[in-house]
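Here's the letter readout for the chains.
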Amino acid sequence: MGSEALMAYRALLRATRKTFAGDMVMLQGSAAEVRKKFEENRHVTSSADLSRLLEEAREASHFISTTIVQAKLNDRGGYEVKPDKEHAGGTLEIPSEEILKKTSK
């Protein structure tokens, strides 16, 4: 199961690096959160628990890759969203201007 956990860990980090490319705050925060979750469960030995945790990691990686799209501030002062092919068929939820202003500071 160790190699499976390592693969899941790397997949999550790849998903966050791609999704949050160029956003150092989110890159660092998401990497720290992924590491924290894996560290919290480092000593889990139950096969059932390990299977559940690995499935949760796979689901999280898929969610990050297919659901989250990073809005970027453009030259005109607005935000642009450029979904990838992985996001096809998804629902777009646009955050309020208030949320966007808080996160761009």
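Note that this is a predicted model, so its numbers are computed, not measured.

Quick look at helix α2 (residues 24-40)
Here is step 1 of the chain: Taking 1.5 Å of rise per residue, 17 residues should cover 24 Å, and α2 covers 24 Å from first to last C-alpha, within 8% of that figure.
Here is step 2 of the chain: Every buried residue of α2 is listed here: Leu27, Ser30 and Val34. Taken down its axis, α2 places every buried residue within 80° of arc, on the same side. Within α2, the exposed residues directed more than 90 degrees away from the buried face are Val25 and Gln28.
Here is step 3 of the chain: In this structure, the buried residues of α2 make contact with α1 (2-19).

Description of the packing of α1 against helix α3 (residues 47-67)
Here is step 1 of the chain: Where α1 meets α3, the closest approach of the two axes is 9 Å, and the angle between their N-to-C directions is 15°. Between α1 and α3, the angle falls in the class roughly parallel. Relative to α3, α1 is oriented so that their crossing is left-handed. Between α1 and α3, the residues in contact are Glu4, Ala5, Ala8, Ala11, Leu12, Ala15, Thr16 and Thr19 and Leu54, Ala57, Arg58, Ala60, Ser61, Ile64 and Ser65, respectively.
Here is step 2 of the chain: Looking at the contact of α1 with α3 residue by residue, the classes come out as nine nonpolar, four polar and two charged.

Re α1
Here is step 1 of the chain: The end-to-end C-alpha distance of α1 is 26 Å, a good match for the 26 Å that 18 residues give at a rise of 1.5 Å each.
Here is step 2 of the chain: Turning to α1, its buried residues number three or more, namely Ala8, Tyr9, Leu12, Leu13, Ala15, Thr16 and Thr19. Mapping the buried residues of α1 onto a view down its axis gives an arc of 160°, with all of them on the same face. Looking at α1, the residues exposed on the side facing more than 90 degrees away from the buried face are Ser3 and Met7.
Here is step 3 of the chain: Tucked inside the fold, the buried residues of α1 contact α2 and α3.

Looking at the confidence of the model for the protein
Here is step 1 of the chain: In this model, the protein carries a mean pLDDT of 84, and residues with pLDDT of at least 70 account for 77%.
Here is step 2 of the chain: Mean pLDDT values for the elements of the protein range from 64 in helix α4 (residues 97-103) up to 94 in α2.

With respect to the packing of aromatic side chains
Here is step 1 of the chain: Per the counting criterion, the structure on display carries one aromatic pair.
Here is step 2 of the chain: Considering the side-chain rings of Tyr9 and Phe38, the 5.1 Å spacing of their centres and the 75° angle between planes classify their relative orientation as edge-to-face. With Tyr9 in helix α1 and Phe38 in helix α2, the pair connects residues that are 29 residues apart, well separated along the chain.
Here is step 3 of the chain: For Phe38, a relative accessible area of 24% puts it in the partly exposed group.

The rules we used
Residue numbers restart at each chain and count upward from 1, following the sequence in its written direction. For a predicted model such as this one, the threshold for reporting local features is a pLDDT of at least 70, and the threshold for listing and counting side-chain atom pairs is 80 or more; totals across whole chains, interfaces and linings nevertheless cover every residue. Side-chain calculation: all heavy atoms of the structure are included, whereas hydrogens and water are not. The secondary structure listing takes helices from DSSP runs of H or I that are at least 4 residues long and strands from runs of E that are at least 2 residues long, numbered from the N terminus. Every helix has an expected span of 1.5 Å times one less than the residues it contains. Per-residue accessibility, obtained with a 1.4 Å probe over protein chains only, is compared with the maximum for each type, and a residue is labelled buried under 20%, exposed over 50%, and partly exposed between these values. Taken from the helix axis, the directions to the C-beta atoms give the arc we talk about. Whether two residues are in contact is decided by their heavy atoms, any of which lying within 4.5 Å being enough. The axes used here are C-alpha line fits, helices contributing only the stretch in contact, and every angle between their N-to-C directions lies in the interval 0 to 180 degrees. Note on angle classes: values under 35 degrees are labelled roughly parallel, values over 145 roughly antiparallel, values of 65 to 115 roughly perpendicular, and the remainder oblique. By convention the crossing between two helices is left-handed if the near helix lies anticlockwise of the far one by an angle smaller than a right angle, and right-handed if it lies clockwise. Gly is placed with the polar residues, together with every amino acid not listed as nonpolar (Ala, Val, Leu, Ile, Met, Phe, Trp, Tyr, Cys and Pro) or charged (Asp, Glu, Lys and Arg). Looking at any residue, its pLDDT shows the predictor's confidence there, from 0 to 100. Stacked, tilted and edge-to-face are the three classes assigned to paired rings of Phe, Tyr and Trp, where Trp is represented by its six-membered ring and a pair needs centres within 6.5 Å; plane angles under 30 degrees give stacked, over 60 edge-to-face, the rest tilted.

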